[in-house]
Amino acid sequence: MTRVLITRPSPEAERWVAQLRTQHIDALALPLLSIGPVRAPALADALDSARQQCACGIYRALMFVSGQAVAAFFADGAVRFQPQQRFWSPGPGTARALRDAGVPPTHIDEPAADAGQFDSENLWAAVHTQIGPGDRVLIVRGASTDADGSTATPGGNGRDWLAAQIAAAGGTVDFVAAYERVGAALSHADKDLAQSAASDGSVWLFSSSEALRHLVSRMPQTRWNAAHAMVTHPRIADAARAAGFGNITECRPTIQDVTASIKSLP
């Protein structure tokens, strides 16, 4: 039986493991990133300000990059928004988190269920008619904490592409970090597992290029040419190729699609 390593942050990794095991898949959690609240005073102040502006109805729409972004933004336990505001989700997991946070389903927009991929590009196809000159959109995402304690919000991803489309339509975009990502510490047992999984036929499930890069940086002597990466977006596939993974499978990021892809492997 193929073993699958789930690299998502806890507790999401453990939830995925439990769901995959109900499908008789040998899954193990190996979180490569940790998620926590923003700590830098400037980031915390910006987040508080964004929450207040949401409550005042300044934004035409709020786009959340993930379920973690939703949970962190609404961590104070109350959803405050105006009737005309829309909440954008790149996929079903984030949409579910918005509903769980108290956003009515009628206020949520996401890619079509049969979209080839759940990402910013397909989200824009669903929401582009909402934006015109003068409209403001808030993109809620995470910040990354480096080893020296500094924080950054990486660019060059689908959210930057989405911001460019909004600007071309006459809108303006604000970004806010609602949480921090930091590379998870790997124990000796974790590193032994990773070393074994680099060549024993295990499948690595990556939903983040950042997690993949963190793994490679913590295992500098490991060759990945015999390892199998299952990735949930073409950009992550590019990162896996750059890291040297010899086998790469792409699938949509839903548990149903991941399960089907795993079961289809030879």
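Residues numbered from 1 in each chain as written. Predicted model: local features only at pLDDT ≥ 70, side-chain atom pairs only at ≥ 80, totals over all residues. Heavy atoms only, no water.

On to the side chain of Ser-202. Relative to the assigned elements, Ser-202 resides in the loop between α7 (188-197) and β10 (203-206). Under the relative-accessibility criterion, Ser-202 is labelled buried at 3%. A polar side-chain atom of Ser-202 sits 3.0 Å from a polar atom in the side chain of Arg-3. In this structure the side chain of Ser-202 is engaged in a polar contact, spanning 2.7 Å, whose partner is the side chain of Asp-200. (Helix = DSSP H or I, 4+ residues; strand = E, 2+ residues; numbered from the N terminus. Buried < 20%, exposed > 50% of the residue type's maximum accessible area, 1.4 Å probe, protein only. Polar contact = N/O pair within 3.5 Å; in protein donor to acceptor, adjacent residues only side chain to side chain.)

As a further point, take the pattern of salt bridges. The final tally for this structure, using the stated rule, is ten salt bridges. Here Arg-39 and Glu-180 are joined by a salt bridge, their closest N and O atoms 3.0 Å apart. Note that Arg-39 is positioned in the loop between β3 (33-37) and α2 (41-56) and Glu-180 in strand β9 (residues 172-183), a separation of 141 residues in sequence. A residue is classified by how much of its surface remains accessible, and Arg-39, at 59% relative accessible area, is exposed. Arg-252 is the salt-bridge partner of Asp-257, the closest N and O atoms lying 3.2 Å from each other. The class for Asp-257 is partly exposed, based on a relative accessible area of 23%. (Salt bridge = Lys/Arg side-chain N within 4 Å of Asp/Glu carboxyl O.)

Moving on, we get to helix α10 (residues 255-264). Those residues of α10 not exposed but buried are Ile-255, Val-258, Thr-259, Ser-261 and Ile-262. Along α10, the residues classed as buried sweep out an arc of 165 degrees about the axis, all on the same side. Seen from the buried face of α10, the exposed residues on the opposite side, beyond 90 degrees, are Gln-256 and Ser-264. Residues of α10 that are buried sit in contact with β1 (3-6), α1 (12-22), β10 and β11 (228-231). (Arc of directions from axis to C-beta. Contact = heavy atoms within 4.5 Å.)

Moving on, we come to the packing of α1 against α10. As a packed pair, α1 and α10 sit with axes 11 Å apart at the nearest point and diverge in direction by 55 degrees. In terms of axis orientation, α1 runs oblique to α10. For the element pair α1 and α10, the recorded crossing hand is right-handed. For the pair formed by α1 and α10, the contact residues are Trp-16, Gln-19 and Leu-20 on the first element and Ile-255, Val-258, Thr-259 and Ile-262 on the second. Broken down by class, the residue content of the contact of α1 with α10 amounts to five nonpolar, two polar and no charged. (Axes fitted to C-alpha atoms, helices over the stretch in contact; angles between N-to-C directions. Parallel < 35°, antiparallel > 145°, perpendicular 65-115°, else oblique. Left-handed = near helix turned anticlockwise from the far one by under 90°. Nonpolar A, V, L, I, M, F, W, Y, C, P; charged D, E, K, R; others polar.)

Here the structure, examined in full by the defined rule, presents ten aromatic pairs. Taking the centre distance of 6.4 Å and the plane angle of 65 degrees together, the rings of Trp-88 and Trp-124 count as edge-to-face. Of the two residues, Trp-88 sits in strand β5 (residues 86-88) while Trp-124 sits in helix α5 (residues 120-127), which places them 36 residues apart along the sequence. No difference in accessibility class separates Trp-88 from Trp-124, as the two residues are buried. (Phe/Tyr/Trp six-rings, centres within 6.5 Å; stacked < 30°, edge-to-face > 60°.)

Turning our eyes to something else, we now look at the sheet that holds strand β2 (residues 26-29). Strand order in the open sheet formed by five strands is β2-β1-β10-β11-β12, and the pairing between neighbours is parallel. The open sheet is flanked by β2 and β12 (247-250), the only strands paired with a single partner. In this sheet, neighbouring strand axes are inclined to one another by 25 degrees on average, regardless of whether the strands run parallel or antiparallel. Along the sheet face, helix α9 (residues 234-243) touches β10, β11 and β12 and points at about 175 degrees away from the line of β12. (Pairing = 2+ DSSP bridges.)

Quick look at the confidence of the model for the protein chain now. On average, residues of the protein chain score 91 in pLDDT, and 94% of them reach the 70 mark or higher. Scored below 50 in pLDDT, residues 147-155 makes 16 contacts in the model with residues more than four places away or belonging to other chains. (pLDDT = per-residue confidence, 0-100.)

In this chain, Ser-10 is followed by Pro-11 through a cis amide linkage whose omega measures 0 degrees. Within the element layout of this structure, Pro-11 appears in the loop between β1 and α1. In this structure, His-24 is a non-glycine residue whose phi angle is positive, near 65 degrees. Mapping His-24 onto the fold places it in the loop between α1 and β2.

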